[in-house]
Amino acid sequence: MPFSEANTEHQIAGIRMSRTSISTRHITRAIIVCAVGTFLAGCGVLSGDTKIGEGIVIAPKLKIRSSTAQVALDLAEVKRGDKLEILDHAEIKTPTQVDEWYKVRTKSTDGVVGWVQARDMVNQSVVDKTEDLFQKSKPLPAQGRGRLKVRTKLRVEPGGDVATFLNRNTQVEIVGKQRTTFKPEKQASEDSDEATEEPETRTILWYEVRLPDAEILRAGWVGAQQVDLDVPEDIMYLEGEGRRFTGWVVFDQAHDRDGKVKYNYIGLMKSLGTEGPIDFTRLWVLSYSPADGHYNGSYIEDGLKGVLPVTLGTASGKSGFTIHELEDNGTVVPVQYQLTRIDANHVHVSRLEAKINHKKIGGKRR
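This report concerns the structure included in the present document. Residue indices follow the written sequence of each chain, beginning from 1 at its first position. Where local features are concerned, this predicted model is filtered to residues with pLDDT of at least 70; where side-chain atom pairs are given and counted, the filter is 80 or more; whole-chain, interface and lining totals use all residues. Only hydrogens and water are set aside; all other atoms, that is, all heavy atoms of the structure, feed into the side-chain values.

Considerations on the pairing of strand S21 (residues 332-343)
Taken residue by residue, a regular strand's side chains alternate between the two faces of the sheet.
And step 1. One requirement defines pairing of two strands: DSSP has to find at least two bridges between them. To qualify as a helix, a DSSP run of H or I must reach at least 4 residues; to qualify as a strand, a run of E must reach at least 2; elements of each kind are numbered from the N terminus. For strand S20 (residues 320-326) and S21, the ladder comprises seven bridges, and the chain directions are antiparallel. Note that in S21 the partner of Ile-323 across the bridge is Val-335.
And step 2. Hairpin connection of S20 to S21: five residues between the antiparallel strands, including Gly-330 at a positive phi of 95°.
And step 3. Note: S21 against strand S22 (residues 346-351), six bridges, orientation antiparallel. Its bridge partner being in S22, Arg-341 is matched across the sheet by Val-347.
And step 4. If you look at the hairpin formed by S21 and S22, you'll find two residues sitting between the two strands.

Considering the side chain of Asn-264
And step 1. Among the structural elements, Asn-264 can be located in strand S16 (residues 261-271).
And step 2. Any pair of nitrogen or oxygen atoms within 3.5 Å is treated as a polar contact; in protein, a donor-acceptor pairing is required on top of that, and neighbouring residues in sequence qualify only through side-chain atoms on both sides. Polar contacts involving the side chain of Asn-264 include one to the main-chain amide nitrogen of Tyr-288, which spans 2.7 Å.
And step 3. Contacts were defined at the residue level, with two residues in contact if any of their heavy atoms lie within 4.5 Å. In this structure, Asn-264 is in contact with Val-249, Val-250, Phe-251, Asp-252, Gln-253, Ala-254, Leu-286, Ser-287, Tyr-288, Tyr-295 and Arg-341, ignoring residues within four places of it in sequence.

So, the sheet that holds S22
And step 1. What the four strands build is an open sheet, ordered S19-S20-S21-S22; its pairing is antiparallel. Only two strands of the sheet have a single neighbouring strand rather than two, namely strand S19 (306-312) and S22. Here the strands of the sheet are splayed against their neighbours by 25° on average, with no regard to which way each runs. Angles run from 0 to 180 degrees between N-to-C directions of axes, and those axes are lines fitted to C-alpha atoms, restricted for helices to the stretch in contact.

Quick look at the side chain of Glu-54
And step 1. By secondary structure assignment, the location of Glu-54 is in strand S1 (residues 53-57).
And step 2. When accessible area is computed with a 1.4 Å probe and restricted to protein chains, residues below 20% of their type maximum are described as buried, those above 50% as exposed, and intermediate ones as partly exposed. The buried category is assigned to Glu-54, whose relative accessible area is 15%.

Thoughts on the pattern of salt bridges
And step 1. The term salt bridge refers to a side-chain nitrogen of Lys or Arg lying within 4 Å of a carboxyl oxygen of Asp or Glu. Per the counting criterion, the structure on display carries 23 salt bridges.
And step 2. The shortest N-O distance in the salt bridge between Glu-173 and Arg-210 comes to 3.0 Å. With Glu-173 in strand S11 (residues 171-182) and Arg-210 in strand S12 (residues 202-210), the pair connects residues that are 37 residues apart, well separated along the chain.
And step 3. Among the residues examined, Arg-210 registers a relative accessible area of 10% and is labelled buried.
And step 4. One salt bridge connects Asp-302 with Arg-243, and the closest N-O pair in it is separated by 3.9 Å. Linking Asp-302 in the loop between strand S18 (294-301) and S19 with Arg-243 in strand S15 (residues 243-255), this pair joins segments that are 59 residues apart in sequence.
And step 5. Since its relative accessible area comes to 33%, Asp-302 is described here as partly exposed.
And step 6. Residue classification places Arg-243 among the buried positions, given a relative accessible area of 16%.
And step 7. It is possible to trace a salt-bridge network through shared partners that takes in Glu-241, Arg-243, Arg-282 and Asp-302.

Considerations on helix H2 (residues 124-137)
And step 1. Look at H2: 20 Å from first C-alpha to last across 14 residues, which is about the 20 Å you get at 1.5 Å a residue.
And step 2. Looking only at H2, the buried set comprises Gln-124, Val-126, Val-127, Thr-130, Leu-133, Phe-134 and Ser-137. Expected helix span is given by 1.5 Å per residue-to-residue step, counting one fewer step than there are residues.

Observations concerning the sheet that holds S16
And step 1. A sheet is described by the order of its strands in space; here four strands give the open sequence S15-S16-S17-S18, paired in antiparallel fashion. Each having just a single partner strand, S15 and S18 make up the two edges of the open sheet. For this sheet the average axis-to-axis angle between neighbouring strands, irrespective of direction, equals 20°.
And step 2. Pairing analysis gives eleven bridges linking S15 to S16, with the strands arranged antiparallel. When the bridges of S16 are listed, Gln-253 appears paired with Tyr-263.

Following this line, the structure appears as structure tokens:
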């Protein structure tokens, strides 16, 4: 065979071997890529299981399920206070409602991945916001106490996002109030497409509350209409003549003859016909007398346009308390009172600021 022909065959064979080598390398690379992809998917990198947040379990016990279906398998159980990584969020429509679900991963070594209902968890960012509210309210004494009439939404701010739901009869400490207003949208009448008359602006009263230590969330806002005030039995009998207690602050305590603790109160009362953003119209300091076995009305003042909060102490550091009053122009001004204990049975209270004289309408004070 001539040299040129042999050389040509060798070249062709070399090309074939080269192509085979290239094809083998491609296959090898594909196998490696597939293997790596499978490994990453198992680790949750390519499967969509990347952490997007963190939540805390608020249910006493919670099953992590294989899916959102009713027939899903139980994969693991977590308890109140456990932290879970949030991987995804889904809304599942049912005939009666829309259920929210979180895809989660446990922080255990096996890292179980599954689904839980959103109502049984709370996002860590929400916990942080409510904890900030709690810390800011810690210097304030409770302005009253109550319990929830029904299952109630706890919000991060008045009328804001819902943090969680609180069960009926949950006890709350009231530390503040706020009012929000809104105007409902016009509704078309049943007989025509034309809108009805302009709806009136509505006002909603909110309580800022602190919650028991057992709760994951320690503070937030609830609708005031959802709270029944637990007025202390010792002073409840003083309600009447068109006035009700809207709050009370404990400033001291004593003991009766049997050694039972009796709290002394700065009572806040309001006339039922009062209009506007006023929390109390009467201030009544009530101190228990062990010698007499009953409460003394150490100080009483009417005609106030008081707003919460009431704080203990004065700016000068004297023993006493400070309330806040509305002037006619809407300005909120602090008013200080000095409180001096004369003996175990009596206290003396004096207002340190001049009385605010509100404008008169038709010969009567507003």
